[in-house]
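Structure assessment
Listed here are the chains, written in short residue letters.
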Amino acid sequence: MSFAAELHLPQDVIVRGGASHEVGDAAAGLGLERVLIVTDPFFAEQGLAAAVAERLTAAGIVTETFAGVQPDPTTANVEAGLEALHAHGADGVVALGGGSSLDTGKAVAVMAANDGAVADFVGYHQIPRPGLPLIAIPTTAGTGSEVTRVTVITDAESDRKLMILDDHLLPRVALADFELTRSCPPDLTAHVGVDSLTHAIEAYVSAKANPITDALALRAAELLQGHLRRAYHDGEDAEAREAMMLGATLAGAAFSNASVALVHGMSRPIGAHFHIPHGLSNAVLLPTVTRFSLEGARPRYAELARAMGLGDDADALVDELDALNAELGVPSLSGLGIEREHFDRVKADMAQAALDSGSPGFNPREAIAEEIVGLYNAIY
Ligand SMILES: NC(=O)c1ccc[n+]([C@@H]2O[C@H](COP(=O)([O-])OP(=O)(O)OC[C@H]3O[C@@H](n4cnc5c(N)ncnc54)[C@H](O)[C@@H]3O)[C@@H](O)[C@H]2O)c1
Ligand SMILES: [Zn+2]
């Protein structure tokens, strides 16, 4: 057993109800004077972006808001955000919203200090210089993007999801405030919650797991398992919302340092081709891919089952993932309205894109392209 470990996180991670109210102090503490708020149209209309701007103004900071983020953000979103940043003369970024807004804010902050295009930085540790200071405020529980060194941006031309991992993508401050997730409707709560659970599971069985990420992943799995159904059935259950936010943050910290694996590798091409929300495509894949991977790390999956209160058997984990999908109403790909002909035409390309992303390389059981196509067939 190795006791070596490594962890990269934002310098400040604050998880508590009301944490988003601290954005003014956080920005002032970073010495910021002109901030660009990056968010999506929903939060511009609903008033949260204005409330955050007010708190920044009260701290003496001049703000501008860019609300052009779309779900599964594109390189065009990043370019438009960068233009807004330059027009405002911003010296820092506040990213506010779900994973799409956070990922766009992270990319904009980094592109402000680096020449080239987003596509130039795809892969691991390819960004030469640190970006502008970034404060991340998640509204879903969630992607964990507020604590990860990852951004996922869809190439507007090729429709491929570009995965970028680099320490320069880490926010300086993460303000994880579960109060902001109360407005998530049940389906969104389910999808982002299964995304978090997938992060915890994949981080724990990843070839890059280490003792610190293990601790984070196990605790995350326990919290998410214990509260996802509650948050889904009753969005006003504050305790469940709070636990989900902590679980999502811990799971993000785990996978950002230990990597995700085959589920995420296979999920991104589904999102890119069929525009299925990230958490939903993970949910569709999770039981089937876990069943496939089980033999590669039975004891580790059994540890997860134990942390989740499912007993000592790895098979109980897969049974539970099936049951969870049934309860959350997660369909198959055909149930999502994806046409067979379209699916058959792109599945080999999707398998190749999954392998190219690098994530499947950390899976406990290796999958070759033909096996990945077989797994895609199984979830159709
Ligand atoms: N960087 C990372 O580490 C990481 C990890 C996982 C996923 N991702 C990426 O994150 C994106 C998905 O993010 P997401 O699942 O959080 O959703 P999202 O940001 O795409 O938002 C989906 C929809 O939900 C709405 N929404 C968000 N919060 C809400 C709230 N509190 N109340 C009501 N509506 C709300 C948004 O306005 C939007 O319409 C994908 O692009 C995925 O690739 C990134
Ligand atoms: Zn994810």
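Just above sits the structure.
In short, a report on the structure. Computed from a predicted model, the values in this text were never measured in an experiment.

What follows concerns the packing of helix α10 (residues 278-293) against helix α12 (residues 314-328). The geometry of α10 relative to α12 is characterised by a closest axis approach of 9 Å and an angle of 160° between their N-to-C directions. As judged from the angle between their axes, α10 and α12 are roughly antiparallel. Judged by the sense of rotation from one axis to the other, the crossing of α10 with α12 is left-handed. Contacts between α10 and α12 pair A283, V284, L286, P287, T290 and R291 from the former with L317, V318, L321, D322 and N325 from the latter. Classifying every residue of the contact of α10 with α12 by side-chain character gives 7 nonpolar, 2 polar and 2 charged.

Summarising burial for strand β6 (residues 134-138): 5 of the 5 residues are buried, a large majority. Judged from the 5 bridges that link them, strand β4 (residues 92-97) and β6 form a sheet pairing that is parallel. Bridging from a neighbouring strand, G97 pairs with P138 of β6. Looking at chain direction, β6 and strand β9 (residues 173-176) are connected through 2 bridges and run parallel.

Let us look at the coordination of the zinc ion (ligand 2). Angles between donor atoms at a metal ideally measure 109.5 degrees for a four-coordinate tetrahedral arrangement and either 90 or 180 degrees for a six-coordinate octahedral one. Coordination of the zinc ion (ligand 2) by the protein is provided by D195 (OD), H199 (NE2), H264 (NE2) and H278 (NE2), with metal-donor distances spanning 2.1 Å. One can describe the site at the zinc ion (ligand 2) as irregular: its 4 donor atoms subtend angles covering 88 to 166° at the metal. Of note, the donors binding the zinc ion (ligand 2) are all from one chain and are spaced D-x3-H-x64-H-x13-H. Of this pair, H264 sits in helix α9 (residues 262-274) while H278 sits in helix α10, and the two are 14 residues apart along the sequence.

Across all of its chains, the model carries 21 salt bridges by this definition. When the shortest N-O distance is used, the salt bridge between R219 and E222 registers 3.1 Å. On the criterion of helical spacing, the pair formed by R219 and E222 is a turn pair, its members being 3 residues apart in helix α7 (residues 211-233). The class for R219 is partly exposed, based on a relative accessible area of 39%. For E222, a relative accessible area of 39% corresponds to the partly exposed category. Within the structure, one salt-bridge network assembled from shared partners comprises E179, R182 and E236.

As a further point, take unusual backbone geometry. Even without glycine at this site, H125 takes up a positive phi of about 55°. Mapping H125 onto the fold places it in the loop between β5 (123-124) and β6. The exposure class assigned to H125 is partly exposed, which follows from its relative accessible area of 46%. A positive phi is found at D159, a non-glycine position, where the angle reads about 65°. The residue D159 is located in the loop between β7 (150-154) and β8 (161-165) in this model.

With that out of the way, let us pick up the site of ligand 1. Taken together, the neighbourhood of ligand 1 is formed by 28 residues, with D40, G99, S100, D103 and T148 sitting nearest. Contact distances for ligand 1 include 2.7 Å between an oxygen atom and a side-chain N or O atom of T148. In the model, an oxygen atom of ligand 1 is placed 3.3 Å from a nitrogen or oxygen of the K161 side chain. Its free accessible area being 860 Å², ligand 1 has 89% of it covered by the protein chains. Here ligand 1 occupies the largest pocket. For the shell around ligand 1, the secondary-structure elements that each account for two or more residues are α2 (41-46), α5 (99-111), β7 and α6 (186-205). Looking at the shell around ligand 1 residue by residue, the classes come out as 11 nonpolar, 11 polar and 6 charged.

Before going further, it helps to spend a moment on the sheet that holds β7. With mixed pairing, the 3 strands of this open sheet are ordered in space as β5-β8-β7. The open sheet has two edge strands with one neighbour each: β5 and β7. Here β5 pairs with β8 via 2 bridges, running parallel. The residue of β8 that forms the bridge with G123 is I164.

About the cut-offs
Residues numbered from 1 in each chain as written. Chains lettered and ligands numbered in written order. Predicted model: local features only at pLDDT ≥ 70, side-chain atom pairs only at ≥ 80, totals over all residues. Heavy atoms only, no water. Axes fitted to C-alpha atoms, helices over the stretch in contact; angles between N-to-C directions. Helix = DSSP H or I, 4+ residues; strand = E, 2+ residues; numbered from the N terminus. Parallel < 35°, antiparallel > 145°, perpendicular 65-115°, else oblique. Left-handed = near helix turned anticlockwise from the far one by under 90°. Contact = heavy atoms within 4.5 Å. Nonpolar A, V, L, I, M, F, W, Y, C, P; charged D, E, K, R; others polar. Buried < 20%, exposed > 50% of the residue type's maximum accessible area, 1.4 Å probe, protein only. Pairing = 2+ DSSP bridges. Donors = N, O, S within 2.8 Å, 3.2 Å for Na, K, Ca; no water. Tetrahedral: all angles 85-135°; square planar, octahedral: opposite > 155°, others 65-115°. Salt bridge = Lys/Arg side-chain N within 4 Å of Asp/Glu carboxyl O. Near = heavy atom within 4 Å. Polar contact = N/O pair within 3.5 Å; in protein donor to acceptor, adjacent residues only side chain to side chain. Areas by Shrake-Rupley, 256 points an atom, 1.4 Å probe, with all protein chains shown as cover. 1 Å grid on protein atoms, 1.4 Å probe; cavity = no way out; pocket = protein on both sides within 12 Å on 5 of 7 lines; lining within 4 Å. Sits in = over half its atoms within 2 Å of the grid points.

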